[in-house]
Amino acid sequence: MHEMIVAENLLTAISDEAAKRNLKPIGAKISCGLLYAINDEALCFAFEAISKDTPCENLKLQIEHKSLQGLCMNCNQSFDVELSHPRCPMCNSEDFKLMPDAPLILEEIEFQTE
Ligand SMILES: [Zn+2]
């Protein structure tokens, strides 16, 4: 299961950061590209399962899906690609280059403050 591997990597990254600061993590925000097929529910479920009895237990995961970026070959604008309507919103050209999909990024970790 893809989400399980992602959850494990997240848990490691968050635990490392928490240990460095000696604080309890209570939330984390991650982002990933549209084509990075992550199922939010499956990821949260996997994370919940493996974080049991660790300092990351009960941590709230927030997942943001970034849209795909295109670069118009006609007017040189970059824009969010609508998969149902793939064309440049500025000049309506269908001649554009797809930018690489955004990777999965751990954007921020929220720690408990005393
Ligand atoms: Zn254009």
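The present account deals with the structure reproduced in this document. (Residues numbered from 1 in each chain as written. Predicted model: local features only at pLDDT ≥ 70, side-chain atom pairs only at ≥ 80, totals over all residues. Heavy atoms only, no water.)

Details of the coordination of the zinc ion
Around the zinc ion, the protein contributes the donor atoms Cys72 (SG), Cys75 (SG), Cys88 (SG) and Cys91 (SG), which lie 2.3 Å from the metal centre. Here the zinc ion binds four donor atoms, and the angle range of 107 to 115° at the metal identifies the geometry as tetrahedral. Donor residues binding the zinc ion come from one chain and are separated in sequence as C-x2-C-x12-C-x2-C. By relative accessible area, cysteine 72 is classed as buried at 0%. Residue cysteine 75 is classed as partly exposed on the basis of its relative accessible area, which comes to 30%. (Donors = N, O, S within 2.8 Å, 3.2 Å for Na, K, Ca; no water. Tetrahedral: all angles 85-135°; square planar, octahedral: opposite > 155°, others 65-115°. Buried < 20%, exposed > 50% of the residue type's maximum accessible area, 1.4 Å probe, protein only.)

Re the sheet that holds strand E1 (residues 25-33)
If you trace the three strands from one edge of the open sheet to the other, you get E2-E1-E6, paired in mixed fashion. What marks the edges here is a single partner per strand, and that holds for strand E2 (60-66) and strand E6 (105-111). Strand-to-strand twist across the sheet, computed as the mean angle between neighbouring axes with direction ignored, equals 15°. Relative to E6, E1 runs antiparallel, the two being bridged by six bridges. (Pairing = 2+ DSSP bridges. Helix = DSSP H or I, 4+ residues; strand = E, 2+ residues; numbered from the N terminus. Axes fitted to C-alpha atoms, helices over the stretch in contact; angles between N-to-C directions.)

Focus on the pairing of E2
Pairing geometry for E1 and E2, over seven bridges, is parallel. Bridging from a neighbouring strand, glycine 33 pairs with lysine 66 of E2. With respect to chirality, the unit in which E1 leads through helix H2 (residues 40-50) into the neighbouring parallel E2 is right-handed. (Right-handed = clockwise from strand over helix to strand, strands pointing away.)

Brief notes about the pattern of salt bridges
Across all of its chains, the model carries four salt bridges by this definition. Glutamate 17 is the partner of lysine 20 in a salt bridge, and the nearest nitrogen-oxygen pair spans 3.4 Å. You can see lysine 20 and its partner glutamate 17 sitting in helix H1 (residues 2-21), three residues apart, about one turn around the helix. Taking the relative accessible area as the measure of exposure, glutamate 17 reaches 22% and is therefore partly exposed. Between lysine 66 and glutamate 107 there is a salt bridge; the shortest N-O distance is 3.4 Å. In this pair, lysine 66 sits in strand E2 while glutamate 107 sits in strand E6, placing the two residues 41 residues apart along the sequence. Each member of the salt-bridge network shares a partner with another, and the members are Glu17, Lys20 and Arg21. (Salt bridge = Lys/Arg side-chain N within 4 Å of Asp/Glu carboxyl O.)

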